[in-house]
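An overview of the molecular structure
What follows is each chain in one-letter form.
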Amino acid sequence: VLKEKELPQEWASVGSVPKWLMDDRARKIRVHWQALHGLLSTNTLGGLESFNEVPMSGSLRDQPELTCLLLMQCLEGVAVQLTTDLQPGGESGLMEARLQATADVDTFCDVLRLLGRQTLVV
């Protein structure tokens, strides 16, 4: 089990994830998110084009859509795939989600709230 005190100091940030989500609703995945966010934020991976089939470059960089997709990578029992390209301010997108019986559905739904302004078919 990964513990926050074991993370490098430069990975302490949660990035642009809202406080209401990370400190309350998604507290269980906080350390996993910090590790993923820290890893992807380092200059070492500057040329990374995708992570676990999530596009890391292009128009989604630093957008809620990318944050949502990456947070989903931290949820156990949840697999999501973006089947239509989301564009910031775009019309709509399609996200396919598969949840195992053990998946944390409440946290999954809370992470989806980051996309409140985006039209998305799940």
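**Thoughts on the overall build of the chain**
- Across its full length, the chain holds four helices and five strands.
- Each helix and strand of the chain, ordered N terminal to C terminal, gives the series α-α-β-β-α-β-β-α-β.
- With 122 residues in all, the chain has 36% of them scored as buried.
- For the chain, long-range pairs separated by at least 24 residues make up 55% of all intrachain contacts whose partners lie at least 6 apart in sequence.
- Of the roughly 7,600 Å² of accessible surface on the chain, a fraction of 48% belongs to carbon and sulfur atoms.

**Details of the environment of leucine 39**
- By the secondary structure assignment, leucine 39 is in helix α2 (residues 30–41).
- A relative accessible area of 34% means that leucine 39 is categorised as partly exposed.
- Taking the C-alpha atoms as reference points, leucine 39 and tryptophan 11, 28 residues apart in sequence, are found 7.5 Å from one another.

**A closer look at the pattern of salt bridges**
- Overall, the coordinates contain eight salt bridges when judged by the stated rule.
- In this structure, arginine 30 engages aspartate 23 in a salt bridge whose closest nitrogen and oxygen atoms are separated by 2.7 Å.
- Between aspartate 104 and lysine 28 there is a salt bridge, with the nearest N and O atoms lying 2.6 Å from each other. One end of the pair, aspartate 104, is in the loop between β4 (92–99) and α4 (105–112); the other, lysine 28, is in the loop between α1 (19–25) and α2, and 76 residues separate them in sequence.
- Among the residues examined, aspartate 104 registers a relative accessible area of 21% and is labelled partly exposed.
- Members of the salt-bridge network, linked through shared partners, are Glu4, Lys19, Asp23 and Arg30.

**Side note on the environment of leucine 71**
- Along the chain, the position of leucine 71 falls in helix α3 (residues 64–72).
- Linking leucine 71 and alanine 26, residues 45 residues apart in sequence, is a C-alpha distance of 9.3 Å.
- What leucine 71 contacts, discounting residues up to four positions off in sequence, is Val17, Leu21, Met22, Ile29, Trp33, Val111 and Leu114.

**Points about the packing of α2 against α3**
- α3 packs onto α2 with a crossing angle of 125 degrees between their chain directions and a minimal axis gap of 10 Å. Here α3 runs oblique to α2, going by the angle between their axes. The chirality of how α2 crosses α3 is right-handed. The residues of α3 that touch α2, namely those facing Trp33, Leu36 and Leu40, are Thr67, Leu70 and Leu71.
- Its residues placed into classes, the contact of α2 with α3 shows five nonpolar, one polar and no charged.

Procedures and definitions
Residues numbered from 1 in each chain as written. Predicted model: local features only at pLDDT ≥ 70, side-chain atom pairs only at ≥ 80, totals over all residues. Heavy atoms only, no water. Helix = DSSP H or I, 4+ residues; strand = E, 2+ residues; numbered from the N terminus. Buried < 20%, exposed > 50% of the residue type's maximum accessible area, 1.4 Å probe, protein only. Contact = heavy atoms within 4.5 Å. Areas by Shrake-Rupley, 256 points an atom, 1.4 Å probe, with all protein chains shown as cover. Salt bridge = Lys/Arg side-chain N within 4 Å of Asp/Glu carboxyl O. Axes fitted to C-alpha atoms, helices over the stretch in contact; angles between N-to-C directions. Parallel < 35°, antiparallel > 145°, perpendicular 65-115°, else oblique. Left-handed = near helix turned anticlockwise from the far one by under 90°. Nonpolar A, V, L, I, M, F, W, Y, C, P; charged D, E, K, R; others polar.

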